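Descriptive structure summary
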Amino acid sequence: MQAQARIAAGEAQQTTARRVRSSAPLFCEVQDWLFDEADLLDSMRDREWCDTMLSKDIVYRMPVREVVGRGISAGFIEGVYHLNETHGTINMKVARNETGFAWAEDPATRTRHFVSNLRVYEHEDGTLEAKSALLLVQTRRSDTHANIIASERHDRLRREGETLRLFKRDVYVDLTALEVHNLAVFF
């Protein structure tokens, strides 16, 4: 049970992944990719993000956190998600927002993605793992209160042609209860 909880929390399984140092060109490429992604999302260019940065077989999840005692588990409920998306469902969300009839997102939520604490690993199969801290600031309409969601992201990237594309993202939020109007934004 504890092993399953650790895996559900995103702890690295025993692999032969090689840590990529921050001075390496590969690290810089992944960092630039993450910064470009944040810029697209913060600029409300979701279609461009979906079409140019995501793999067609993407798995995009946000597991539900639970409060547990120290050492009992990693604090995530196995198989239960706030978000459990595929390319098809992500594309539908983007297309819905493009219609002008997505009332929950009109006017659109404004976001700011602060990506930090990046660690990059290269796996034997050539895929890359990027673990980063994300602070997402979300504002709506003329509200004077911003939603602030802190999380850790575990991303898997691979080359498709000349470009890196995201084929797996797990977002581990720090909060046990999300006080947001909707989860229509991308993390």
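Residues numbered from 1 in each chain as written. Predicted model: local features only at pLDDT ≥ 70, side-chain atom pairs only at ≥ 80, totals over all residues. Heavy atoms only, no water.

Right, let's get into unusual backbone geometry. The phi dihedral of Met44 is positive, around 60°, even though this residue is not glycine. Structurally, the position occupied by Met44 is in the loop between helix H2 (25–42) and helix H3 (46–53). For Asn117, which is not glycine, the phi torsion reads 50° and is therefore positive. Summarising the element assignment, Asn117 is placed in strand S4 (residues 110–122). Of the residues examined, Asn117 reaches a relative accessible area of 55% and is grouped as exposed. (Helix = DSSP H or I, 4+ residues; strand = E, 2+ residues; numbered from the N terminus. Buried < 20%, exposed > 50% of the residue type's maximum accessible area, 1.4 Å probe, protein only.)

Our next topic: the nonpolar core. It is characteristic of soluble globular proteins that their nonpolar side chains tend to be buried jointly. Val30, Trp49, Tyr60, Ile90 and Phe187 are the most contacted members of the largest nonpolar core, which has 35 residues in total. Those elements that provide at least two residues to this core are H2, H3, strand S2 (54–65), helix H4 (87–98), S4, strand S5 (128–139), strand S6 (147–160) and strand S7 (163–173). Element by element, the count of residues in this core is highest for H2, at eight residues. (Core = buried A, V, L, I, M, F, W, Y, C linked by side-chain atoms within 4.5 Å.)

Moving on, we get to the packing of H2 against H3. Where H2 meets H3, the closest approach of the two axes is 8 Å, and the angle between their N-to-C directions is 145°. Two packed elements cross with a definite hand, and for H2 against H3 that hand is left-handed. The segment H2 lies against H3, with Trp33, Asp36, Glu37, Leu40 and Leu41 engaging Asp46, Glu48, Trp49, Thr52 and Met53. Broken down by class, the residue content of the contact of H2 with H3 amounts to five nonpolar, one polar and four charged. (Axes fitted to C-alpha atoms, helices over the stretch in contact; angles between N-to-C directions. Left-handed = near helix turned anticlockwise from the far one by under 90°. Contact = heavy atoms within 4.5 Å. Nonpolar A, V, L, I, M, F, W, Y, C, P; charged D, E, K, R; others polar.)

Quick look at the environment of Glu66 now. Considering the arrangement of structural elements, one finds Glu66 in the loop between S2 and strand S3 (76–85). Accessibility expressed as a relative area gives 30% for Glu66, which makes it partly exposed. Separated by 109 residues in the primary sequence, Glu66 and Leu175 have C-alpha atoms spaced 8.8 Å apart.

Looking now at the sheet that holds S6. Spatial strand order, S1-S4-S5-S6-S7-S2-S3: seven strands in an open sheet with mixed pairing. Two strands in the sheet have a free side with no partner beyond their single neighbour: strand S1 (18–20) and S3. If you compare each strand with its neighbour and ignore which way they point, the axes differ by 30° on average. Strand contacts of H2: S1, S4, S5, S6 and S7, with the helix running at about 165° to S4, the strand carrying the most contacts. Sheet contacts for H3: S2 and S7; angle to S2, the most-contacted strand, approximately 115°. (Pairing = 2+ DSSP bridges.)

With three bridges joining them, S1 and S4 adopt antiparallel strand pairing. Looking at the pairing, Val20 lines up with Val120 of S4. The pairing of S4 with S5 spans 11 bridges and is antiparallel. Across the sheet, Thr111 pairs through a bridge with Gln138, a residue of S5. In sequence, S4 turns back onto S5 through a hairpin of five residues, with Gly126 there showing a positive phi of about 90°.

Here the focus is the packing of aromatic side chains. In this structure the tally under the stated criterion is three aromatic pairs. Ring geometry for Trp49 versus Phe186: centroids 4.6 Å apart, planes at 40°, classification tilted. Of this pair, Trp49 sits in helix H3 while Phe186 is found in the segment after S7, placing the two residues 137 residues apart along the sequence. Aromatic side chains Tyr60 and Phe186 sit 6.4 Å apart centroid to centroid with 85° between the ring planes, which places their arrangement in the edge-to-face category. You can see Tyr60 sitting in strand S2 and its partner Phe186 sitting in the segment after S7, a full 126 residues away along the chain. The pair Tyr60 / Phe186 is uniform in exposure class, with both members buried. Ring-pair connections join several aromatic residues into one group, and the members of that group are Trp49, Tyr60 and Phe186. In this arrangement the basic side chain of Arg158 is found over the ring face of Phe167, its NZ or CZ atom lying 4.4 Å from the centre. (Phe/Tyr/Trp six-rings, centres within 6.5 Å; stacked < 30°, edge-to-face > 60°. Lys NZ or Arg CZ within 6 Å of the ring centre and 35° of its normal.)

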